[in-house]
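# Analysis of the macromolecular model
Okay, here's what each chain looks like letter by letter:
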Amino acid sequence: MTEMSVSAPADRSIAGERPRRPHEERAAWGLVGPAATLIGLILVVPLIVVVALSLTDYQLGAKAWRFVGFANYADLAGDPVFWRSIANTALYAVAVVAGSTGLGLAVALALQGSGALAPVWRTIFFLPVMASLVAMAIVWEFMLHPTFGLVNAVLGLVGVAPMNWLQNGATALPALAVIGVWQQFGFAMVLFLAGLSGIPTSLYDAAEMDGAPSAWARFRLVTWPLLAPVTLFVVVISTIRSFQVFDTVHALTKGGPNKVTEVLLYTMYAEGFEFFRTGRAAAIAVVFVAAMLVVTLTKVLLVEKRIHAR
Amino acid sequence: MARIEIDGIEKRFGRTPVLRGIDLDVAAGEFLSLVGPSGCGKSTLLRIVAGLTREDRGAIRLAGEDVDHLAARDRDLAMVFQNYALYPHLTVAENIAVPLVMRRLTTAQRLPLVGRHLSGSRAAHAAIAADVARVAETLGIAALANRRPGELSGGQRQRIALGRAMVRRPKAFLMDEPLSNLDAKLRVEMRSEIASLHRRLETTFVYVTHDQAEAMTMSDRIAVMMDGAVLQVGTPDAVYADPDDLRVAEFVGSPKINVITADAALAAALGVDATRAPDPDGLRLAFRTEAVRLVDPTGAALAGRVVHLENFGSDLMVHLAVAAAVPIVVRRDPHDPRPRIGETWGLSIRPDRLLVFDAAGRRLRSVVGRGA
Amino acid sequence: MTRIGLPARRFSVGAIARDAVLLALAVVTLAPFVWMVSTSLKAPDEILTTDLHLWPRRLAASENYAHAFAAVPLGRYLLNGVIVTATILALQLAIAVPAAFALAKSEFRGRRLLFGAVLLGLLVPYHAIAVPLFVGLHALGLLDTYAALVTPFAISVFGIFLMRQFFLSLPDDLVDAARMDGMSELAIVWRVMVPAAGPAISAFAIFSVVAHWNDYFWPLIAVSSDTLFTPPLGVVAFRNDDAGTNYGVLMAAATVIVTPLVAAFLLAQRRFVEGIAFTGVK
């Protein structure tokens, strides 16, 4: 390699250090101009506005509004339903992340050695990722129907008494979590498959030569550590998706029964778009963004730690 | 065919100076090589000439005109890149046609499907196809016209990259290490091909390489660059035989030039009038392997023990351990007896080929040899 | 494909057990789809019973599907879905690809700032800014229009990020060669970068279409007239309608709405799986 390959990228990484020819600057801005404008208008400005709104008592359609400081947040902090909503979201996320990551990894590992049928399995398990969740939620609702549902009928064969899954306080959130896992694990599987295909076969050969006694030992020695970045990524992305659970709740339970399926985004939706308490909805949105940031920052910290540990 | 004047070019990347005031004048039709080790700034200089990188200070003139304000595409130069930079989705013929399509057709005529049916479009496309075919013929790649770069070997891709540069008549060709991704045999073949291309096209070539042999074999003149400065510009012969700087002497020529550090006494014994040097005891003496003969050690100013013989078939390189840390390499004169390992031989250096440098590596011409 | 452990012994106990487990999981995974289609073929008396059977004794497909299309404008919903996803994708590509190229291969003032905004955008799900977007569209009088469905997604920071990563991996020389060959920056984008970025673009297109065809949250907020309903809104509206208790018809409607993407996926499943993995891993 000559210095060309070293110096040319370095050249580009120092943006704006000295003026380019004006027309080149103009050409570049011609390319990014529309994107920059739209990012400003439909991303940055709304983000600022949502924070600003959360400090007001604005109600959609109202003529007057006033600045109320952190009153919306204080209100939320004293509202048991809001805490319920956070707890439910967290519970749902833990269940779905654990379920879809675990199942996704297990299936990906199983598919590794399953030969000619592997693409067929992969297609089947990926199908729910593609299908409209809200439409499938309605199918699930029918399958969970207390009288005519498939689930009760099948469970009845093994002696389980029929249940009204979605209307029962003890089973509604778990039922939604099962739908969540059903929908997401194929996505985790595909990411794990991509990660597995990136592990060089020679490492398994080496483990074999080094005397790793069992498939489990080779998994612990090679697969698990090399898959760690993918696992972290899957966990993070599943967490973020789980935090956004809305479709199934809105379509099937509306937060009920008795608030057991009240989740963050649904609470925000109800406040903002059913009761039109815009300020309060904005405050929930800010909490929601904060939760996202916590997840992402945790990931960044974990990645940093990995890098430093090397 | 145009003269290229490079005037006081300076460039830094961040805080690192890459070019420290380069002046070069490339005559119209000349083949000039920029040669130097990795990181010397030669590629950056070429990119500045091309208009792909902007200089911090200085100016480039093409055919007498200042082109600093012009973007690369408006400078009418052609460039061949180290990794060929062929468009992967286009066929060979389409790749070669790109510069013509961009320059000869209007935006409307370039449109897919519709473009071909516009007025004048058919004739323009036909003319382009003819030009492409002519170039492909010249380079012996006509048979590949409908293939895509991914299916071709390195040598074939290099020819296409050349074809893309040749297809119009640019003011000059800029080549950035065009041969360094080829295997050794192909590289030697392509050297003579590029040299003959230059003769045929009668256009200015600026050729960047880290391989001094490439520069020596093809160029009218070479400019040796190090640490962002041009150390010497001259014909290959002049740079080889009469270097201004020890670094130039060491970089150019294979095998590498012999260098010994000499005090006044040794210098005097070798015919150097050290008294005229500013620091008579800190001289660096350099001589090419072919400027020495092996002689009887008795009475020789310099003698050494044979430690290694390097047989190239045509030549025999004799490595002798002298007081200096690095062995001295001597090309055995075919008429001389063949030395054996362990023998001690004296060294006789041709005074006119002995190059004297001061401790900082600057050439001292007044003390010896042709300059004396 | 790498293997865990020893080469698969075709008929070993382990392999049989593994395939049995995979088969069981596949049955569970497919159950909703199978049940949906099966029910959509049955008459009400066969549905509202505890007697389970997969294939209807009397095929009621034509009644159910005809009823579904008659009860609500299903065709309209599908058309809306196509219009909205196609418009969103076209806008996203037209705006994101040039920007991604400039971010990857050009120098200009404000580049870092812009890229920072892109990264910020990646962190914030659009749900969080739904409130101000709604308020803004309300103020502009654009609620309950196609524009309301499309506007918030005209820019895809994810698309910019993804394409930028891809463009960074293309050699700079290719761009420089195009500049030397006389192409304008925009010509480089469409003539060199886009053809070279085929895999990245198709991956992004799949990602975008899947996301927006299935999106429920934003259309729910943005439109209220059923002439503007997208497929997910349509199926829920149907369920909430009187016809919603007629499960055969409801499942027929669900089948109609789920089918386009599932069919596309089955036809080009390699592309879909790789595309989603690509957009996921990057």
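Residues numbered from 1 in each chain as written. Chains lettered and ligands numbered in written order. Predicted model: local features only at pLDDT ≥ 70, side-chain atom pairs only at ≥ 80, totals over all residues. Heavy atoms only, no water.

### Here's the deal with the overall build of chain C
Put simply, the rule reads: Going along the chain from the N terminus, every DSSP run of H or I of four or more residues is numbered as a helix, and every run of E of two or more is numbered as a strand. Radius of gyration: C-alpha atoms only; globule rule: 2.2 Å multiplied by the number of residues to the exponent 0.38. Summary of the burial criterion: residues with accessible area below 20% of their type's maximum are buried, those above 50% are exposed, and those between are partly exposed, where the area comes from a 1.4 Å probe applied to protein chains only. Two residues form a contact once any of their heavy atoms are found within 4.5 Å. Methods summary: accessible areas were calculated by the Shrake-Rupley approach with a probe of 1.4 Å, and residue burial reflects only the protein chains presented. Charge convention: Lys and Arg are scored as positive, Asp and Glu as negative, and His as well as the terminal groups of each chain are ignored. Every charge is mapped to an atom, namely NZ of Lys, CZ of Arg, CG of Asp or CD of Glu.
For chain C, the count of helices and strands is 15 helices and 0 strands. Against the 2.2 N^0.38 benchmark of 19 Å for 282 residues, chain C shows a C-alpha radius of gyration of 24 Å, more extended than a compact globule. For the C-alpha atoms alone, the extent of chain C along its principal axes is close to 75 × 65 × 30 Å. A burial count over chain C gives 59% of its 282 residues as buried. A separation of at least 24 residues holds for 72% of the contacts in chain C among residues at least 6 apart in sequence. With an accessible surface of roughly 11100 Å², chain C has 68% of that area assigned to carbon and sulfur atoms. Averaging the locations of the 19 positively and 17 negatively charged side chains of chain C gives two centres separated by 10 Å.

### Digging into helix H14 (residues 247–267) of chain C
Residues and elements named next belong to chain C. Heads up, the condition is: One fewer than the residue count of a helix, multiplied by 1.5 Å, yields its expected span. At any given residue, the bend is defined as the angle formed between two axes, one fitted to the seven residues that end at that position and one fitted to the seven that begin there.
Its 21 residues give H14 an end-to-end C-alpha distance of 29 Å, which sits within 8% of 30 Å, the value for a rise of 1.5 Å per residue. The largest bend in H14 amounts to roughly 45 degrees and is located at Thr259, with the proline Pro260 lying one to four residues further along. Along H14, 15 of the 21 residues are buried, which leaves the element largely enclosed by surrounding structure.

### A look at the packing of helix H5 (residues 111–123) of chain C against helix H8 (residues 157–169) of chain C
Residue and element names in this part refer to chain C. Quick note on the threshold: For helices, the axis comes from a line fit to the C-alpha atoms of the stretch in contact; other axes are also lines fit to C-alpha atoms, and the angle between any two N-to-C directions lies between 0 and 180 degrees. An angle below 35 degrees is read as roughly parallel, one above 145 as roughly antiparallel, one from 65 to 115 as roughly perpendicular, and any other as oblique. If you view the pair so one helix is near and one far, a crossing is left-handed when the near helix is turned anticlockwise from the far one by less than a right angle, and right-handed when it is turned clockwise.
One way to put it is that H5 packs onto H8 with a least axis distance of 8 Å and a crossing angle of 120 degrees. Regarding the angle of H5 to H8, the classification is oblique. Note that H5 runs across H8; the crossing there is left-handed. Touching Phe115, Val118, Leu119, Gly121 and Leu122 of H5 are Val157, Phe158, Ile160, Phe161 and Arg164, all from H8.

### A word on the domain arrangement of chain B
The cut-off we apply is this: Each domain's extent is set by a domain assignment, obtained either automatically or from a database.
For chain B, the assigned domains read domain 1 (4–241) and domain 2 (255–357). For domain 1 of chain B and domain 2 of chain B, the distance between their C-alpha centroids amounts to 42 Å.

### So, the interface of chain A and chain C
The criterion, for reference: Buried area counts how much accessible surface, traced with a 1.4 Å probe, disappears from two parts once they are put together, with both parts' losses summed. Salt bridge, as used here, is a side-chain nitrogen of Lys or Arg placed within 4 Å of a carboxyl oxygen of Asp or Glu. For this analysis, a polar contact is any N or O atom pair within 3.5 Å, provided that within protein one partner can donate a hydrogen and the other can accept it, and provided that sequence-adjacent residues contribute only side-chain to side-chain pairs. Under the scheme applied, nonpolar residues are Ala, Val, Leu, Ile, Met, Phe, Trp, Tyr, Cys and Pro; charged residues are Asp, Glu, Lys and Arg; polar residues are all the others, including Gly.
Tallying the contact residues gives 101 residues for chain A and 99 residues for chain C. Here chain A packs against chain C, burying approximately 9000 Å² in sum over the two surfaces, 76% of which is carbon and sulfur. The tally of links between chain A and chain C comes to 1 salt bridge. The salt bridge partner of Arg239 of chain C is Glu141 of chain A, with a shortest N-O separation of 2.7 Å. On the surface where chain A and chain C come into contact, there are 7 residue pairs in polar contact (both at pLDDT 80 or more). Considering each element in turn, the side of chain A that touches chain C owes the most residues, 18 residues, to helix H2 (residues 22–53) of chain A. Here the residues of the side of chain A that touches chain C are counted per class, giving 77 nonpolar, 15 polar and 9 charged.

### Some words on the pattern of salt bridges
All names here are of chain B. One pass over the full model with this rule turns up 39 salt bridges over all chains. A salt bridge links Asp242 to Arg363; its shortest N-O distance comes to 2.7 Å. With a gap of 121 residues between them, Asp242 in the loop between helix H8 (236–241) and helix H9 (246–251) and Arg363 in the segment after strand S18 (355–357) connect regions that are remote in the sequence. Using a relative accessible area of 27% as the deciding quantity, one classes Asp242 as partly exposed. Between Asp244 and Arg365 there is a salt bridge; the shortest N-O distance is 2.2 Å.

### Here we look at the side chain of Ser219 of chain B
Residue and element names in this part refer to chain B. Position of Ser219 relative to the elements: it lies in the loop between helix H7 (212–218) and strand S9 (221–226). Reaching out from Ser219, the side chain makes a polar contact with the side chain of Ser33 at a distance of 2.6 Å. In contact with Ser219, not counting residues within four places along its chain, are Phe31, Ser33 and Pro236.

### Examining unusual backbone geometry
Glycine aside, negative phi is the norm for most residues, and most peptide bonds take the trans geometry. Going from Ser254 of chain B to Pro255 of chain B, the amide bond is cis rather than trans, its omega being 0 degrees. One non-glycine residue, Lys259 of chain A, lies in positive phi territory at about 65 degrees. By the element assignment, Lys259 of chain A lies in the loop between helix H11 (247–253) and helix H12 (264–274). Given the relative accessible area of 37%, Lys259 of chain A is considered partly exposed.

### Re the domain arrangement of chain C
Residues and elements named next belong to chain C. Taken domain by domain, chain C comprises domain 1 (2–64) and domain 2 (73–278). Its C-alpha centre places domain 1 at a distance of 33 Å from the equivalent point of domain 2. Contacts between the two partners involve 10 residues from domain 1 and, on the opposite side, 9 residues from domain 2. Interface area, domain 1 with domain 2, both sides summed: about 710 Å², of which 80% is carbon and sulfur. Summed over the three residues of domain 1 that lose the most area to domain 2, namely Met36, Ser40 and Asn64, the buried surface amounts to 57% of that side.

### Some points on the nonpolar core
Taken as a class, soluble globular proteins show a tendency for nonpolar side chains to be buried jointly. Note the threshold: Residues belong to one nonpolar core when they are buried, are Ala, Val, Leu, Ile, Met, Phe, Trp, Tyr or Cys, and are joined through side-chain atoms within 4.5 Å.
Formed by 232 residues in total, the largest nonpolar core has its most connected members in Phe125 of chain A together with Ile160 and Phe167 of chain C. The contacts of Ile160 of chain C, once residues within four sequence positions are left out, are Ala35 and Ile39 of chain A together with Ala96, Ala99, Ala100, Leu103, Val118 and Ile155 of chain C. Of all hydrophobic cores here, the second largest spans 38 residues; its members include Phe31, Ile160, Met190 and Ile194 of chain B.

### What to know about the sheet that holds strand S3 (residues 31–35) of chain B
Residue and element names in this part refer to chain B. Let me state the cut-off plainly: Paired strands, as defined in this entry, are two strands with at least two bridges between them according to DSSP.
Strands sit in the order S6-S7-S8-S3-S9-S10 across an open sheet of 6 strands; the sheet is mixed. Edge positions in the sheet fall to strand S6 (77–80) and strand S10 (229–234), since each of these pairs with one other strand and no more. The sheet shows a mean angle of 15 degrees between the axes of neighbouring strands, taken without regard to direction. Two elements, S6 and strand S7 (residues 172–176), share 4 bridges in a ladder whose sense is parallel. When the sheet's bridge partners are listed, Val80 is paired in S7 with Met175. With respect to the sheet, helix H5 (residues 154–166) is in contact with S6 and S7, its orientation differing from that of S6 by roughly 175 degrees.

### Observations regarding the environment of Glu185 of chain C
You can see Glu185 of chain C is positioned in helix H10 (residues 185–196). In this structure, the C-alpha to C-alpha distance between Glu185 of chain C and Ala100 of chain C, residues 85 residues apart in sequence, is 12 Å. Discounting residues that sit within four places of it in the chain, Glu185 of chain C has contacts with Ala27 and Leu31 of chain A together with Phe101, Ser106 and Arg179 of chain C.

### Observations regarding the side chain of Gln184 of chain A
Relative to the assigned elements, Gln184 of chain A resides in helix H8 (residues 172–197). With residues up to four places along the chain from it excluded, the contact list for Gln184 of chain A reads Val96, Ser100, Ser238, Arg241 and Ser242 of chain A.

### Examining helix H6 (residues 130–139) of chain C
All names here are of chain C. Burial within H6 is extensive, with 7 of its 10 residues counted as buried. The set of residues buried in H6 consists of Ala130, Val131, Pro132, Leu133, Phe134, Val135 and Leu137. Gly141 lies just past H6 and shows a positive phi near 70 degrees.

### Description of the packing of helix H4 (residues 80–112) of chain A against H8 of chain A
Residue and element names in this part refer to chain A. Viewed as axis vectors pointing N to C, H4 and H8 meet at an angle of 40 degrees, and their least axial separation amounts to 6 Å. In terms of orientation, H4 lies oblique with respect to H8. Here H4 runs over H8; the crossing is right-handed. Its residues assigned to classes, the contact of H4 with H8 comprises 20 nonpolar, 8 polar and no charged.

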